Amino acid sequence: MITTRLRGLVAALTSTAVAATALTLGASTASADDALVTIYGSVGSSTMYEDNITDIPVEILRAPDQPTDPWVPVVTVYTQGGVREPGCGAACRGNWSAQLPPGRYHLKINADPSQGSSRVWTSLDTLARYGPDRAINADGSQTHVYAYEHDLDHLGGSILSQVVDQCDESVDDVTVEVYGADDIDPKPLLTSVVGGGEHEQFLPAGASKVRVVGPDAAPGTVWLNGATGFDGATRFTVPAGTRRVEQPRVRLHRTTFTPPRPPYTYSRVRGYLTAPNDGRPRDVTVRLYRATYDSQDPWALEKVHTTTSGDFSLDVPPGEYRMSVNEVLEDTESSRAWKPYFVGGDTLQDAETFCVTAADSYGTYLTPSMAYRGRAITGTVSDAAGRPLKGVEVRVFSATPDADGNPVLQRTRTTGADGRWTTNGTTDQVKIQLVGDADQYTSVWNGGAETFAGAAPIDATKSGTPTIVDETLPLLPLELERIPYIKIHGAPGPGVTIGTDNGRWGPHSPVKFTKYQWYRVKGGTATKISGQTRSTYKIRSSDNGSRLKVQITASYAGARSATAFSELSQTVTNGASIKVTAKKSGANDVRLSIKVKITGDSNPWGKVTVYYSPCSQKQGYYVCRGRKTKSVSYKNGKGSVVLNTKRGFWGYEVHLKATSKHGSASDDGVIYVF
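Reference entry: report on the structure contained in this document. Keep in mind the model is a prediction, meaning the values are calculated, not measured.

Focus on the overall build of the protein
Secondary structure summary: the protein contains two helices and 52 strands in total. The burial tally for the protein puts 43% of its 674 residues in the buried class. Sequence separation of 24 or more characterises 69% of the internal contacts of the protein that already satisfy a separation of 6 or more. About 34900 Å² of surface is accessible on the protein, with carbon and sulfur atoms providing 48% of the total.

Considering a positive patch on the surface
Taken together, the side chains of K579, K595, K597 and K638 make up a positively charged region of the molecular surface. As for its placement among the helices and strands, K597 is situated in strand β46 (residues 589-598). A residue is classified by how much of its surface remains accessible, and K597, at 62% relative accessible area, is exposed.

Here we look at the nonpolar core
Residues I39, I60, W96, I109 and V210 are the most contacted members of the largest nonpolar core, which totals 40 residues. Among the nonpolar cores identified, the runner-up in size contains 21 residues, and V590, I594, Y652 and V654 belong to it.

Overview of the packing of aromatic side chains
Two aromatic rings are characterised by how far apart their centres lie and by the angle between their planes. Enumeration over the complete set of coordinates arrives at 13 aromatic pairs. Ring centres 6.2 Å apart and planes at 70° place the aromatic pair Y179 and F230 in the edge-to-face group. Placement of the pair is Y179 in strand β13 (residues 174-180) and F230 in the loop between β17 (221-223) and β18 (244-246), with a sequence separation of 51 residues. Ring centres of Y612 and W650 lie 6.2 Å apart, and the angle between their planes is 40°; on these two criteria the pair is classed as tilted. With Y612 in strand β47 (residues 606-618) and W650 in strand β51 (residues 648-656), this residue pair connects regions lying 38 residues apart in the sequence. Looking at Y612, the relative accessible area reads 6%, which means it is buried. Note on W650: relative accessible area 8%, which makes it buried. Residue placement shows R134 over the ring face of Y130; its charged tip is 4.3 Å from the ring centre. If you follow R134 out to its NZ or CZ, it ends over the ring of Y148, 5.9 Å from the centre.

A closer look at the state of the cysteines
By the definition in use, this model includes one disulfide. Through a disulfide, C615 is tied to C624; the S-S separation comes to 1.8 Å. Classification of the bridge connecting C615 and C624 rests on its S-S torsion, roughly 100°, and on that basis the disulfide is right-handed. Relative accessible area serves as the criterion here: at 12%, C615 is assigned to the buried category.

Quick word on the environment of V37
Within the secondary structure, V37 sits in strand β2 (residues 37-45). With relative accessibility at 1%, the residue V37 sits in the buried group.

Some details on the sheet that holds strand β45 (residues 576-585)
One open sheet accounts for three strands, arranged β45-β46-β50; its pairing is antiparallel. Looking at the sheet topology across the chains shown, the edges are occupied by β45 and β50 (638-644). Put simply, the sheet's adjacent strands are angled 20° from each other on average, direction ignored. One ladder, built from seven bridges, connects β46 with β50; its direction is antiparallel. Paired with K595 across the bridge in β50 is K638.

Each value, and the rule that gives it
Residues numbered from 1 in each chain as written. Predicted model: local features only at pLDDT ≥ 70, side-chain atom pairs only at ≥ 80, totals over all residues. Heavy atoms only, no water. Helix = DSSP H or I, 4+ residues; strand = E, 2+ residues; numbered from the N terminus. Buried < 20%, exposed > 50% of the residue type's maximum accessible area, 1.4 Å probe, protein only. Contact = heavy atoms within 4.5 Å. Areas by Shrake-Rupley, 256 points an atom, 1.4 Å probe, with all protein chains shown as cover. Patch = residues over 30% accessible without salt bridge, like charges linked within 9 Å, V, L, I, M, F, W, Y side chains within 5 Å. Salt bridge = Lys/Arg side-chain N within 4 Å of Asp/Glu carboxyl O. Lys, Arg positive; Asp, Glu negative; His and termini not counted. Charge placed at Lys NZ, Arg CZ, Asp CG, Glu CD. Core = buried A, V, L, I, M, F, W, Y, C linked by side-chain atoms within 4.5 Å. Phe/Tyr/Trp six-rings, centres within 6.5 Å; stacked < 30°, edge-to-face > 60°. Lys NZ or Arg CZ within 6 Å of the ring centre and 35° of its normal. Disulfide = S-S within 2.5 Å. Pairing = 2+ DSSP bridges. Axes fitted to C-alpha atoms, helices over the stretch in contact; angles between N-to-C directions.

Rendered as structure tokens:
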């Protein structure tokens, strides 16, 4: 039995109040003029033994008129109170009193052999012990005279025992009764109330029998040493004096448990699940039942808790309980993986009971050990380079899909730093999916299959050696995230070098670019330019009227390479240039001399557009407004024009428009007319 043991019983004796008898003597023993004196005293135990000092006879004797005459018995009174309890102080003693005429008195305590106390306590004759000179002197000068404290010894010895419940917790308020073993009509000679801890019970002289009566919280009657009745109870004869004999515990069955001490409302059952080679089983249901079972009244379920990390903690009232783990097979991977477990048994009915007490707020601690329901599969996940992959999710599915054709997930595992994983409890054929970082890797099924249907069923071995399933997780293929653009300075024309920025690729980095191929595009048809496999290309005259693009091949170790085309360049045309010279002509005119050059044409001719306008200077800049336009012809690459201007600054711009034979060109400037 799993228990929380708390030792310690504090003994207390019940109070049997017996009214003391006080005697008032009349004129036959004293004159009417004599005032009565109250004589009082107490009787206690000479040891620390906790027994009642009550109902002890105290006989009072008066001094004779003649010294040679015997002392005369006057009255017998009985002690009252005297219930010995922890911390009882003066109340531990039995008190007595009597009203008597003035005189000298002695006492005989417990001298009547007919009294039940004579078997428990010794007697005391104060006259015999102290002599006549030490009498109680009640001379009438005081209304009350104290007759001293007197202590008695026990006639018997003591037995030491403890009263506990089924949880080995001490039971409070237990009544302990002592009987004479040879009494024909057994009646308790001594009665004590056990509060807790080890209890020392005194026995009177001779043979005794002891009965324990439980309180309402733990009802029942047990004779010491296990008998059920007086006749079969063990006889105890303890040597007189302070010798004591230790006896076995007396066990009562508690039906009502003490509530927890504040501030706790419940007591706690906690712990964690253990399992071989698999850490702590998670997501497993723990059930706590009240311990008592009756076929007419099924088990009472107290608490249900599902673990999240293998740990569990349940707050319940104090009591006696049984525990099950994974008792009901649930449709979860964890429940399917583990056998049901009953703490201390094979079924709930024969499971071991354990106690949850209010005394220990720390709680009852359990560590159930789980067993796998089936067999084991293990493996290692690595990348294409053979490096182990940590954190890959291993999903174990039943090899048979559900009625709708969907895979049924049984459980998941995660690879460690060494890429290894293990799953246990496999009871049927399975298929395994490996899911890595979605931004880096392609998920695969066992055997490298791409789909559930394509994966071969795995049958775990029935021997002690796990089935091995090692897999390689491929990287995601490279994907183009931004189209490469063309890099060029100026207009595309013969002799100009064109390039590309390679674009942006993912999800891996850094990416290597291993191959280039340039194409000429004209009329929607792309033609490979032979031998042009570098990242740059020098435009040829044969490219005139075409657009250019490049095909780029990107690669990353372990991933499939990918290709992409760049954007198209502008249409390739022959290059063109203009050079303009401005001079003053006449009083207010300006002559512009224009020279035009076109690649591949030694005597170009055509028209240019001239823009001119007056300008003003502001903070080092020219601001020109009121633009005028003229069209000017040129032949053999030369032309001129006279502009009608006024005094001041004049700005000009000469522009050659692009055609299918050449590109555009322009030149500009500012001249001061004075």
